[in-house]
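Coordinate analysis (summary)
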Amino acid sequence: MRLMRSTAAPSPPVGDRRISRLFFLLALPVLLALAGCAGEHPQSTINPHSDFAEIIHSLYVSIFWWTMLILAVVWILLTWVVVKYRRKSEDEQPRQIRGHLGLEIGWTVGPALIVIAIAIPSIQAVFATQRPVSEDAMEVHVTGHQFWWEFHYPEQGITTANELWLPVDRPVNLRLHSNDVIHSFWVPKLGGKRDLNPVPAVREGQERRYNWLYFTPLETGVFMGQCAEFCGQSHALMMKRVVVATEEGFQEWIDRWFRSEGADFPTEAPLESAGNPLDDRAAVAGSLSANGGGDDAPVAADLARDGGPEAGLNGYGSSADPAVYRTASATFGQDAPGATAAAGLHSEDPLVTRGREVFLGSTCIACHAVQGTSAQGVIGPNLTLFGTRYTLGAGIMENNLENLIRWIQDPMGIKPAVAMPGVDYPGGNWPATGLSDEEVEAVAAYLLSLK
Amino acid sequence: MSTIGLETPVGREATAHHEEDTGFWSWITTVDHKRIAIMYFVAATAFFFIAGLKALVIRAQLMFPEQTLITPELYNQFFTMHGTTMIFLVAMPMAVAFFNYLVPLQIGARDVAFPRLNALAFWIFLFGGIYLNSSFLVGAAPHASWVGYATLTSPEFSPGQNTNFWLIGLSILGIASIMGGVNFITTIINMRAPGMKLMRMPLFTWMTLVTSFLLITAIPVIGVALIYLGFDRLFGTVFFQPAGGGDPVLWQHLFWIFGHPEVYILILPAFGVISDIIPTFSKKPLFGYPIVVYAGILIGFIGWGVWSHHMFTVGLGPIADSFFVAATMIIAIPTGVKIFNWLATMWGGSLKFTTAMLFCVGLLAVFTVGGLSGIMHASAPVNLQQHDSYFVVAHFHYVIVGGAMMGLWAGLYYWFPKVRGRFLDETLGKWHFWTTMIGFNLTFFPMHFAGLFGMPRRIFTYSAELNVDIYNQLSTVGAFIFGISSVIMVWNIVKSWRSGEPAPANPWGAPHLEWATPSPPHHYNFPRIPTVRSREPLWHKQERDEILAVTMPDPEEEPLMPNPSYWPIVLAAAITLSWALVMTGIWWVIALGILPVILATFMWAFEPAFPEGHGH
């Protein structure tokens, strides 16, 4: 907020009320904006939490001050001439000056120097933010879909959706592409955006060109982001969360992923297919020799490593309904809202058992996968560890039983043009699921038990 | 040497030339650049209200988070058509209205080089605009944003006619723009009065020339892109379809190679307007005239080399990003030079704050804000945070409304007395100015904050969690105030058109040739063509007397002017129809649609341009 205050207009010289009024009016929106400039902004672009975001932010601050300098010069000069040279009598005959070479050179060279002072660090930052990737960087393949995000971890062999887990302090290299229209990956506190382009088909032997986004998260917390390239009807509802956990927390999440269900499933070696994420996912999902179901030991992902209000579940504290999200000190698996909402839902619960039966016997599994079960669909979001997610519908609502039931019944009513069918209408190429209310509730309970 | 020509002879009432026909059909068939200009202005103002109402609905929808006033689909249609209309049907034709009215008068010509082509361009623009907006009547308005990025426009993701309306509508409008550009270049280069050297032309005419070159070079680029897209959509090609090896990023390059010069097409006319107005109301010649001219030309040239600053998030790599950072930074310099020259023109002057001058000062104050936020996202890394956020929405409204539109409104108050022979009401004008300043700043300034706090653009709603409600509420309130200011403007125009205070030939004591004619001018502009000896011909006593002696008295015999013609409107209708039929995607229907175009062209070609017996 400190930064913002400086945008106020220069104080108008006293003496001319009409002109002061002009500048008061110019300054008014600034003052009003300042009045509202309080509270948490979970998608703030000026509150960096990664190396990438910090480079951008320090550059922005320096450019901001340069532009304020120019603005001050122009506004002060303008105020001066408007006040000083107001016509006092119609007979005035000002000197007819046609130009001045020295002045022209001055106000060409002066701004040119400022522009150079801005351009040099900008270009340095261009290279710094697109520098070669370090050895220990973790690669994640991000695929944009109308209207959700798919995150595939080739190293770990995991595919998840809408909530990206990252370990703190470890560089991550995101490989970005889209399967339909252009989307843009943007989590402002973790840095700038980059587009997810549909990658043109190539001839055999040629390499497909992907976009990459490389950064190191520097603080734990849950960071909010959303699609930043207009991608169709529900573009506004294509949000995401990035959960930056401690190294142990992240490892625990990975471990849980493989323990999540427990049914045996044929294993295959993970293979890096030629850029088709669908193939990737099928292969990877099938590669897991999962075992030991039902374990719901709390995960030691202490998100509140640094304690203060900025740490922990960043931004959630300011939610319209604070009860929706646990703040600080939330530990994964206990206080995650989905988990809380589904408290008591364990795999032994009859409702959960029933839900599992319904789910695996329904058309759900044509699109969705749950690790360790026969559900291996690759069209929609992978639902493994669904009960640990904070949000559903690509970050648009709290993940709880009530919302999930609504979602399963009527996804298109909540999110227009989504590809998922409802209980009584088709979606995309899929017929209506035709689930009864009881079945929907059971499926929801089952999904929330996945943690 | 520099006495001001306030005492120039009276207006039209004193002259006794024969009355022109002013009936309905005379407007339909007119080839008079001044009447065409008025029609451009009226049509552009009508479209301004259509697009403005959409903006108000958008603002109402965004006043509170998670509102459901309109459906996402309708919202997407509204913001798409708001942008498309404001740019192609408001800002551009509004500037063309000024080009049309002023260029022949400022250079001492009786009309543009191709009067019938001029009429044709207007009617094509009007029909193209109506065609584009008719998409709402069939519930299929364009919905893929004004930039129409592939692959959102491919048949798979935009089935139906929505995107066809958009690409065909823009193609039709492009034809009108190219015709206009050709016409003004030819007029300015060939039809200047004796002694009107290039470096004596009023700045407005200069900027018209630069803009016209941008029009004839930039519009064909989007024309190519639209034709590719049309083929993709209607005939199954894969220019932008990744599955077939096409590259969606190609669309972005083509669009922005057009799109960035387009920004200067919008802003340079306004720069021209205020470069003419500020000297008049400062009683001083434009400071650094040649520098201001060269800066305008330079902006036009460099404007061609900065398009990828719209594409920093596309992933072009650090080398390309650096080049476009540097080029974009460079273009800030001539823009800054212009601002300093305007300030220097006012410095030491005798400033009179008419409404026209207030709009010029307002432009300098707010356009600078837009220019400086532009410098922020000219820096590629910073752009990665601001691109496609409300920060950018704030930026370009500061540039296009705070620059282009404010300049044109200044021009409206300045030249209205010439057009009508009556002043616009100054009291209402000041109300218009102040409500515009309040409404405009209240609408768009808070958007900077909404953007910095992570609100993306083109979203039909936003999460309450973003905590940007207050900025959106301020914007909404501001938008409605801005709406009221536009109503005041129209009320002023209507009222003053009927009963405004009569204006003399040169009410402001302005220096240029258009003020050496009666208000309003004769349909032939000048009975005899004056000779010009300086940049401010009406500010030098002897030169002024010589010019007025030529331009003000009624001629023995009226100069010969071209015939009115029905064929421009008929041909325009035929061209619009032939393009609209492309929507069918059936080759023989499209082929048949070309027949009326050929027919109308033939009839046009064989119609004598001048009255019988005066054949040329």
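It should be emphasised that the depicted structure is a prediction, and the values quoted were computed from it without experimental measurement.

This next bit is on the overall build of chain A. Along its length, chain A carries eleven helices and twelve strands. Across the 451 residues in chain A, those meeting the buried criterion constitute 58%. Counted over contacts in chain A with a minimum sequence separation of 6, partners at least 24 positions apart contribute 66%. By element, 57% of the accessible surface of chain A is carried by carbon and sulfur atoms, the whole surface being about 17,400 Å².

On to the sheet that holds strand β10 (residues 239-245) of chain A. All names here are of chain A. The sheet built from three strands is open, its strands ordered β4-β10-β9 with mixed pairing. The outermost strands of the open sheet, each flanked by one partner alone, are β4 (163-167) and β9 (221-226). Taken pair by pair, the neighbouring strands of this sheet meet at an average axis angle of 25°, ignoring direction. Across the sheet, helix α5 (residues 247-259) is in contact with β4 and β10; its angle to β4 comes to roughly 130°.

Right, let's talk about empty space enclosed by the protein for a bit. All names here are of chain B. A full pass over the atoms with the stated rule returns nine cavities of 30 Å³ or more. Taken as a whole, the second largest cavity holds about 120 Å³ of empty space. For the second largest cavity, the lining is made up of 15 residues, of which Pro279, Leu286, Tyr289, His512 and Glu536 are closest to its centre. Among the elements that line the lining of the second largest cavity, the one with the most residues is helix α7 (residues 248-282), at three residues. Here the lining of the second largest cavity is built from residues that sort into nine nonpolar, two polar and four charged.

Below, the discussion takes up the sheet that holds strand β2 (residues 148-153) of chain A. All names here are of chain A. Reading across from one edge, β3-β2-β1-β5-β8 is the order of the five strands in this open sheet, with mixed pairing throughout. The open sheet has two edge strands with one neighbour each: β3 (158-161) and β8 (211-215). Looking at each pair of strands side by side, their axes are set apart by 25° on average, direction ignored. Inspection of the sheet shows strand β1 (residues 138-145) paired to strand β5 (residues 172-178) by seven bridges, in the parallel sense. Paired with glycine 144 across the bridge in β5 is serine 178. Along the sheet, α5 contacts β1, β2 and β3; its crossing angle with β3, the most-contacted strand, is approximately 100°.

On the chain B side, the residues contacting the 109 residues of chain A number 110 residues. Interface of chain A and chain B: buried area, both sides summed, is about 9,300 Å²; carbon and sulfur atoms make up 68% of it. One can count four salt bridges joining chain A with chain B. Two residues, A:Arg241 and B:Glu465, come together in a salt bridge whose shortest N-O distance is 3.5 Å. Counting only elements with at least two residues in the side of chain A that touches chain B, the list comes to α2 (17-35), α3 (51-84), α4 (101-129), β7 (194-196), β9 and β10 of chain A. Considering each element in turn, the side of chain A that touches chain B owes the most residues, 17 residues, to α3(A). Its residues assigned to classes, the side of chain A that touches chain B comprises 63 nonpolar, 28 polar and 18 charged.

Our focus in this paragraph is the packing of helix α12 (residues 390-420) of chain B against helix α13 (residues 426-452) of chain B. Residues and elements named next belong to chain B. Two numbers describe how α12 lies on α13: the axes approach to 7 Å, and their chain directions differ by 165°. Taken together, the axes of α12 and α13 lie roughly antiparallel to each other. Note that α12 runs across α13; the crossing there is left-handed. Split by residue class, the contact of α12 with α13 holds 16 nonpolar, nine polar and no charged.

What follows deals with the pattern of salt bridges. In this structure the tally under the stated criterion is 19 salt bridges over all chains. Measuring nitrogen to oxygen at the nearest pair gives 3.5 Å for the salt bridge that ties B:Asp388 to B:Arg457. Of this pair, B:Asp388 sits in the loop between α11 (380-386) and α12 while B:Arg457 sits in the loop between α13 and α14 (469-499), and the two are 69 residues apart along the sequence. The same class applies to B:Asp388 as to B:Arg457, namely buried. One salt bridge connects B:Glu426 with B:Lys430, and the closest N-O pair in it is separated by 3.7 Å. Highlighted residues: B:Glu426 and B:Lys430, both in helix α13, separated by four residues, approximately one helical turn. It is possible to trace a salt-bridge network through shared partners that takes in A:Arg354, A:Glu357, A:Glu438 and A:Glu439.

Here the focus is the pairing of β2(A). Residues and elements named next belong to chain A. Along β2, six of the six residues are buried, which leaves the element largely enclosed by surrounding structure. Sheet topology places β1 next to β2; five bridges connect them, and they run antiparallel. Looking at the pairing, glycine 144 lines up with tryptophan 149 of β2. Judged from the four bridges that link them, β2 and β3 form a sheet pairing that is antiparallel. Pairing of phenylalanine 151 across the sheet is with threonine 160, part of β3. Connecting the antiparallel pair β2 and β3 is a turn made up of four residues, with glycine 157 showing a positive phi of about 75°.

A few words on the packing of aromatic side chains. All names here are of chain B. The full count for this structure, using the stated rule, is 69 aromatic pairs over all chains. Centre to centre, the rings of tryptophan 146 and phenylalanine 255 are 5.1 Å apart; their planes meet at 70°, and the pair counts as edge-to-face. Here tryptophan 146, found in the loop between α4 (115-134) and α5 (162-190), pairs with phenylalanine 255, found in helix α7; they are 109 residues apart in sequence, far enough to count as distant. Phenylalanine 255 shares its class with tryptophan 146; the two are buried. The side chain of arginine 35 reaches across the aromatic face of tryptophan 27, ending 4.6 Å from its centre.

What follows deals with helix α6 (residues 203-235) of chain B. Residue and element names in this part refer to chain B. Over its 33 residues, α6 extends 46 Å from the first C-alpha to the last, a length consistent with the 48 Å expected when each residue adds 1.5 Å. At leucine 215, α6 is deflected by roughly 25°, the largest bend along its length. Positive phi appears at glycine 236, one or two residues downstream of α6, with a value of about 75°.

As a further point, take unusual backbone geometry. Put simply, A:Gln146 and A:Phe147 share a cis peptide bond, and its omega is 0°. The topology assignment puts A:Phe147 in the loop between β1 and β2. Cis geometry marks the peptide bond from B:Ala150 to B:Thr151, where omega comes out at 5°. Relative to the elements of secondary structure, B:Thr151 occurs in the loop between α4 and α5. In this structure, B:Asn467 is a non-glycine residue whose phi angle is positive, near 60°. One can find B:Asn467 in the loop between α13 and α14.

Right, let's get into the side chain of B:Gln61. Residues and elements named next belong to chain B. The topology assignment puts glutamine 61 in helix α2 (residues 33-62). Within the structure, the side chain of glutamine 61 is placed 3.3 Å from the backbone nitrogen of isoleucine 70, a separation counted as a polar contact. Contact partners of glutamine 61, with chain neighbours within four places excluded, come to Gln67, Thr68, Leu69, Ile70, Tyr75, Phe460 and Thr461.

This brings us to the environment of B:Gly439. Residue and element names in this part refer to chain B. Checked against the element boundaries, glycine 439 lands in helix α13. Among the residues examined, glycine 439 registers a relative accessible area of 0% and is labelled buried. Taking C-alpha positions, glycine 439 is 7.2 Å from phenylalanine 480, a pair spaced 41 residues apart along the chain. Beyond its immediate chain neighbours, meaning those up to four positions away, glycine 439 contacts Gly478, Ala479, Ile481 and Phe482.

With that settled, the discussion passes to a nonpolar patch on the surface. All names here are of chain B. Taken together, the side chains of Ile586, Trp587, Trp588, Leu592, Ile594, Leu595, Ile598, Phe602 and Phe606 present a nonpolar region at the surface, about 1,000 Å² in accessible area. Within the secondary structure, tryptophan 587 is located in helix α17 (residues 587-606). The class of tryptophan 587 is exposed, set by a relative accessible area of 66%.

Right, let's get into the packing of helix α8 (residues 350-361) of chain A against helix α11 (residues 437-448) of chain A. All names here are of chain A. Contact geometry of α8 with α11 gives a least axis separation of 7 Å together with a crossing angle of 105°. Judged on the interaxial angle alone, α11 and α8 are roughly perpendicular. Of α11, the residues touching α8 (which contributes Leu351, Val352, Arg354, Gly355, Arg356, Val358 and Phe359) are Glu438, Glu439, Glu441, Ala442, Val443, Ala445, Tyr446 and Leu447. Grouping the amino acids of the contact of α8 with α11 by side-chain chemistry returns nine nonpolar, one polar and five charged.

Criteria and thresholds
Residues numbered from 1 in each chain as written. Chains lettered and ligands numbered in written order. Predicted model: local features only at pLDDT ≥ 70, side-chain atom pairs only at ≥ 80, totals over all residues. Heavy atoms only, no water. Helix = DSSP H or I, 4+ residues; strand = E, 2+ residues; numbered from the N terminus. Buried < 20%, exposed > 50% of the residue type's maximum accessible area, 1.4 Å probe, protein only. Contact = heavy atoms within 4.5 Å. Areas by Shrake-Rupley, 256 points an atom, 1.4 Å probe, with all protein chains shown as cover. Pairing = 2+ DSSP bridges. Axes fitted to C-alpha atoms, helices over the stretch in contact; angles between N-to-C directions. 1 Å grid on protein atoms, 1.4 Å probe; cavity = no way out; pocket = protein on both sides within 12 Å on 5 of 7 lines; lining within 4 Å. Points joined across faces, edges and corners; volume = space filled by probe spheres on them. Nonpolar A, V, L, I, M, F, W, Y, C, P; charged D, E, K, R; others polar. Buried area = accessible area lost by both parts, 1.4 Å probe. Salt bridge = Lys/Arg side-chain N within 4 Å of Asp/Glu carboxyl O. Parallel < 35°, antiparallel > 145°, perpendicular 65-115°, else oblique. Left-handed = near helix turned anticlockwise from the far one by under 90°. Phe/Tyr/Trp six-rings, centres within 6.5 Å; stacked < 30°, edge-to-face > 60°. Lys NZ or Arg CZ within 6 Å of the ring centre and 35° of its normal. Expected span 1.5 Å × (residues − 1). Bend = angle between axes of the 7 residues up to and from the residue. Polar contact = N/O pair within 3.5 Å; in protein donor to acceptor, adjacent residues only side chain to side chain. Patch = residues over 30% accessible without salt bridge, like charges linked within 9 Å, V, L, I, M, F, W, Y side chains within 5 Å.

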